[in-house]
Amino acid sequence: MAPLSRGMLIVIEGLDRAGKSTQHARLCQSLESQGRRVKRMRFPDRTTPIGKSIDAYLKGESQQEDHVIHLLFSANRWEAAAQIRNAIEEGTTVVIDRYYYSGIVYSAAKGKADLSLKWARDPEIGLPRPDVCVFLDIAPEAAAKRGGFGREKYETNAMQKRVRELFYELIATSDGLDICVVDAGRDVEEVEKDVMERVKDVMKQPKMTQPLTEIL
Ligand code: 2DT
Ligand code: MG
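These numbers come from a predicted model, not from an experiment. (Residues numbered from 1 in each chain as written. Chains lettered and ligands numbered in written order. Predicted model: local features only at pLDDT ≥ 70, side-chain atom pairs only at ≥ 80, totals over all residues.)

What follows is about the overall build of the protein chain. In terms of regular secondary structure, the protein chain is built from nine helices and five strands. Reading the helices (α) and strands (β) of the protein chain from amino to carboxyl end gives β-α-β-α-α-α-β-α-α-β-α-α-β-α. Relative to the 2.2 N^0.38 estimate, which gives 17 Å for 216 residues, the radius of gyration of the protein chain is 17 Å and therefore close to what a compact globule would have. Each principal axis of the C-alpha atoms in the protein chain carries an extent, and together these give about 50 × 35 × 35 Å. Evaluated residue by residue, the protein chain yields a buried proportion of 33% over its 216 residues. Within the protein chain, residue pairs in contact and separated by at least 24 positions form 80% of the contacts whose partners lie at least 6 positions apart. (Helix = DSSP H or I, 4+ residues; strand = E, 2+ residues; numbered from the N terminus. Rg over C-alpha atoms; globule rule 2.2 N^0.38 Å. Buried ≥ 20, exposed ≤ 12 C-beta atoms within 10 Å, placed from the backbone. Contact = placed C-beta atoms within 7 Å.)

Right under this line is the structure:
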């Protein structure tokens with residue numbers, strides 16, 4: 001592959017147990033084996049003070065009002081935004097496990113009239129805009145066969161089902177928010193091959209010769 005002047009911003013998204021962590025690790029390794037510098041990130045980043053409050057909330061150790069926790073998730077991205085931009089500018093490709101897409105859909109999936117997709121998206125405006133978001137799509141029933149839920153806040157069948165519907169709503173928006181869908185209900189290797197193909201397609205796009213943009 002031709003060298004890029006800047007790094008790429010790649011996001012892996014999906015429901016719980018869609019295989020995000022596995023595909024994230026494999027994609028990072030492949031990119032590195034092709035000679036690219038790679039920075040691995042994930043959101044929420046539970047290591048910062050904001051991330052620690054999010055972690056406590058997800059584990060049920062603390063309560064948060066729904067708008068407040070939404071804004072904390074967003075703040076957790078904002079505190080990393082400069083780091084992402086700097087890495088990309090110096091030619092490092094940043095691969096993130098979950099980003100603002102999860103941020104929007106998980107909050108909106110709570111079904112509060114005053115917490116719509118639009119309300120949820122507004123605080124994300126201005127964050128680094130991904131070159132591509134690979135949505136690992138899996139039916140909640142197929143995901144369920146991969147093992148039981150953990151004990152965290154959003155790990156319920158009803159929530160997963162609603163999250164998937166809302167991901168489809170996001171994809172149907174005007175520009176699809178840079179999302180491409182990969183069927184994650186298959187063998188790990190098949191999924192990995194598709195993910196890499198999507199990433200390679202984006203590498204060829206004219207936007208890769210331009211500076212990274214912002215979420216509008
Ligand atoms: P992990 O299981 O990937 O650690 O995620 N979430 C995530 C939100 O509600 N808002 C966000 O902005 C992000 C990034 C998805 C923990 C849970 O946090 C949810 C699952
Ligand atoms: Mg989880």
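Okay, back to it.
On to the environment of Ile 12. Relative to the elements of secondary structure, Ile 12 occurs in strand E1 (residues 9-14). Overall, Ile 12 belongs to the buried group, with 27 C-beta atoms counted inside 10 Å. Each C-alpha atom of the pair Ile 12 and Val 195 lies 9.2 Å from the other, and the pair is 183 residues apart in sequence. When near neighbours in sequence (up to four residues on either side) are disregarded, Ile 12 contacts Lys 20, Gln 23, His 24, Asp 97, Val 134 and Leu 136.

A few words on the sheet that holds strand E4 (residues 132-137). As summarised here, the arrangement of the five strands in space is E2-E3-E1-E4-E5, forming an open sheet in which the pairing is parallel. Since the sheet does not close on itself, it has two edges, and those belong to strand E2 (38-42) and strand E5 (179-183), each with one partner. The mean inter-strand angle of the sheet, taken between neighbouring strand axes irrespective of direction, is 20°. Inspection of the sheet shows E2 paired to strand E3 (residues 93-97) by five bridges, in the parallel sense. Its bridge partner being in E3, Val 38 is matched across the sheet by Thr 93. Strands E1, E4 and E5 of the sheet are contacted by helix H9 (residues 188-203), whose axis makes an angle of about 160° with E4. (Pairing = 2+ DSSP bridges. Axes fitted to C-alpha atoms, helices over the stretch in contact; angles between N-to-C directions.)

Looking now at the packing of helix H3 (residues 66-78) against helix H5 (residues 100-108). Their axes nearest at 10 Å, the elements H3 and H5 cross at an angle of 175°. Comparing the axis directions of H3 and H5 gives the class roughly antiparallel. Residues Asp 66, His 70, Phe 73, Ser 74 and Arg 77 of H3 touch H5, and the partners they reach there are Tyr 100, Gly 103 and Ser 107. Residues that form the contact of H3 with H5 fall into these classes: two nonpolar, four polar and two charged. (Parallel < 35°, antiparallel > 145°, perpendicular 65-115°, else oblique. Nonpolar A, V, L, I, M, F, W, Y, C, P; charged D, E, K, R; others polar.)

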